[in-house]
Amino acid sequence: VQLQASGGGLVQAGDSLRLSCTASERTDSRFVMGWFRQTPGKEREFVAAMMWPGSSTYYTDSVKGRFTISGDRAKITVHLQMNSLNPEDTAVYFCAAAPRAIVSSVRSSSAYRYWGQGTLVTVSS
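Everything in this summary refers to the structure shown in the same document. For clarity, every value in this text was computed on a predicted model and none was experimentally measured.

This part is about the nonpolar core. Met33, Trp35, Leu80, Met82 and Tyr93 are the most contacted members of the largest nonpolar core, which totals 30 residues. Elements with a contribution of two residues or more to this core: strand 1 (3-6), strand 3 (17-23), strand 4 (31-38), strand 5 (45-52), strand 7 (67-72), strand 8 (77-82), strand 9 (91-99) and strand 11 (119-124). In this structure, Tyr58, Ala96, Ala98 and Val106 belong to the second largest nonpolar core, which totals 11 residues.

Following this line, the structure appears as structure tokens:
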């Protein structure tokens with residue numbers, strides 16, 4: 001399974017960006033696609049995820065109310081709409097997918113089998 005992510009860039013604090021990620025195939029009827037981010041010297045951090053069937057969404061606390069994950073199961077695509085960006089959101093963002101995921105593991109990077117290339121998001125103050 002290949003994941004193709006896009007949409008990163010350089011913005012100013014308060015601006016918005018939209019990341020997108022498409023998977024080349026779906027290997028299970030129950031799967032989750034999510035976003036993680038990483039800065040130099042730090043662990044990869046969970047940001048948001050969407051689980052199918054049901055389109056349930058999950059967020060880390062620091063992005064709730066600012067970021068929205070949406071997706072299209074048929075197109076195996078997720079989007080991450082990021083509003084009110086601040087410099088602390090600067091990171092490389094990674095798209096990931098996990099077949100047969102369970103709710104208790106969606107926030108754990110170890111649960112994800114497939115990863116896309118990172119896309120850099122830089123927020124200037």
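All right, on to the packing of aromatic side chains then. The tally for this structure, following the rule as stated, stands at five aromatic pairs. Connected via pairs of aromatic rings, a cluster forms that spans Phe36, Phe46, Tyr112 and Trp115. The residue whose ring lies beneath arginine 44 is phenylalanine 94, and the NZ or CZ to ring-centre distance is 3.8 Å. One cation-aromatic arrangement involves arginine 44 over tryptophan 115; the distance from NZ or CZ to the ring centre is 4.7 Å.

Applying the stated criterion to the full structure yields five salt bridges. Among the salt bridges present, the one from glutamate 45 reaches arginine 37, with a minimum N-O distance of 2.8 Å. Given the relative accessible area of 6%, arginine 37 is considered buried. One salt bridge connects lysine 64 with aspartate 61, and the closest N-O pair in it is separated by 3.1 Å. Looking at aspartate 61, the relative accessible area reads 61%, which means it is exposed. The network of salt bridges with shared partners includes Arg37, Glu45, Arg66 and Asp89.

Backbone torsion omega between tryptophan 52 and proline 53 reads 0°, so that peptide bond is classified as cis. Mapping proline 53 onto the fold places it in the loop between strand 5 and strand 6 (56-59). The phi torsion at serine 55 lies on the positive side, around 55°, for a residue other than glycine. Looking at the secondary structure, you find serine 55 in the loop between strand 5 and strand 6. Of the residues examined, serine 55 reaches a relative accessible area of 38% and is grouped as partly exposed. Positive phi values are uncommon outside glycine, yet isoleucine 76 reaches one of about 50°. Examined against the element boundaries, isoleucine 76 turns out to sit in the loop between strand 7 and strand 8.

About the thresholds
- Residues numbered from 1 in each chain as written.
- Predicted model: local features only at pLDDT ≥ 70, side-chain atom pairs only at ≥ 80, totals over all residues.
- Heavy atoms only, no water.
- Core = buried A, V, L, I, M, F, W, Y, C linked by side-chain atoms within 4.5 Å.
- Buried < 20%, exposed > 50% of the residue type's maximum accessible area, 1.4 Å probe, protein only.
- Helix = DSSP H or I, 4+ residues; strand = E, 2+ residues; numbered from the N terminus.
- Phe/Tyr/Trp six-rings, centres within 6.5 Å; stacked < 30°, edge-to-face > 60°.
- Lys NZ or Arg CZ within 6 Å of the ring centre and 35° of its normal.
- Salt bridge = Lys/Arg side-chain N within 4 Å of Asp/Glu carboxyl O.

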